[in-house]
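If you want the building blocks of each chain, they are given just below.
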Amino acid sequence: MPLVEYLRTIDRAFLGVKDAAAYLGISPRTLYIWRHRRQGPPSFRLGARGRVTYRLDALDAWVREQERADSRSNPLLNPANAVPQRRADCTATA
């Protein structure tokens, strides 16, 4: 059973770094780097040991946000769909 299906079947609300990385299809190192740079999905420390944790619904929301911000996924951001702009007439003075 793939990890995504497994996570959905047990309905886990929180994921550790390894599981969150697998869920997103990236390496745990990438998640650590994004966290250090304050990029990527929101995370927090949970428990007595303060382990880095991700909410499953926050990961899904972050992915949706990335899709909306990508011009290939969002036709409103595609430069090919932009209305052409006219150049202002400029006269050079010497």
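Heads up: the structure comes first, above all this text.
A brief look at the structure comes next. Predicted model only: the values in this text are computed from it and were never measured.

## Section: the overall build of the chain
Per the secondary structure count, the chain includes 4 helices and 3 strands. Mapped in sequence order, the helices and strands of the chain form the string α-β-α-α-β-β-α. The burial tally for the chain puts 19% of its 94 residues in the buried class. A separation of at least 24 residues holds for 34% of the contacts in the chain among residues at least 6 apart in sequence. A total accessible area of about 7,800 Å² is found for the chain, and carbon and sulfur atoms account for 51% of it.

## Details of the sheet that holds strand S2 (residues 44-46)
Strand order in this open sheet of 3 strands is S1-S3-S2, and the pairing throughout is antiparallel. At either margin of the open sheet sits one strand with a lone partner, and together these are strand S1 (14-15) and S2. Examined bridge by bridge, S2 and strand S3 (residues 51-55) share 3 bridges and lie antiparallel to one another. Directly across from Phe 44, in S3, lies its bridge partner Thr 53.

## Details of unusual backbone geometry
For Arg 38, which is not a glycine, the phi torsion comes out positive at approximately 60°. By secondary structure assignment, the location of Arg 38 is in the loop between helix H3 (28-36) and S2. Judged by its relative accessible area of 80%, Arg 38 falls in the exposed class.

## Quick word on the layout of surface pockets
Of the pockets and cavities examined, the largest pocket occupies roughly 180 Å³. Lining the largest pocket are 10 residues, and of these Gly 16, Val 17, Arg 51, Val 52 and Thr 53 sit closest to its centre. Of all the secondary-structure elements, those providing two or more residues to the lining of the largest pocket are S1 and S3. In the lining of the largest pocket, the residues fall into 6 nonpolar, 2 polar and 2 charged.

Parameters at a glance
Residues numbered from 1 in each chain as written. Predicted model: local features only at pLDDT ≥ 70, side-chain atom pairs only at ≥ 80, totals over all residues. Heavy atoms only, no water. Helix = DSSP H or I, 4+ residues; strand = E, 2+ residues; numbered from the N terminus. Buried < 20%, exposed > 50% of the residue type's maximum accessible area, 1.4 Å probe, protein only. Contact = heavy atoms within 4.5 Å. Areas by Shrake-Rupley, 256 points an atom, 1.4 Å probe, with all protein chains shown as cover. Pairing = 2+ DSSP bridges. 1 Å grid on protein atoms, 1.4 Å probe; cavity = no way out; pocket = protein on both sides within 12 Å on 5 of 7 lines; lining within 4 Å. Points joined across faces, edges and corners; volume = space filled by probe spheres on them. Nonpolar A, V, L, I, M, F, W, Y, C, P; charged D, E, K, R; others polar.

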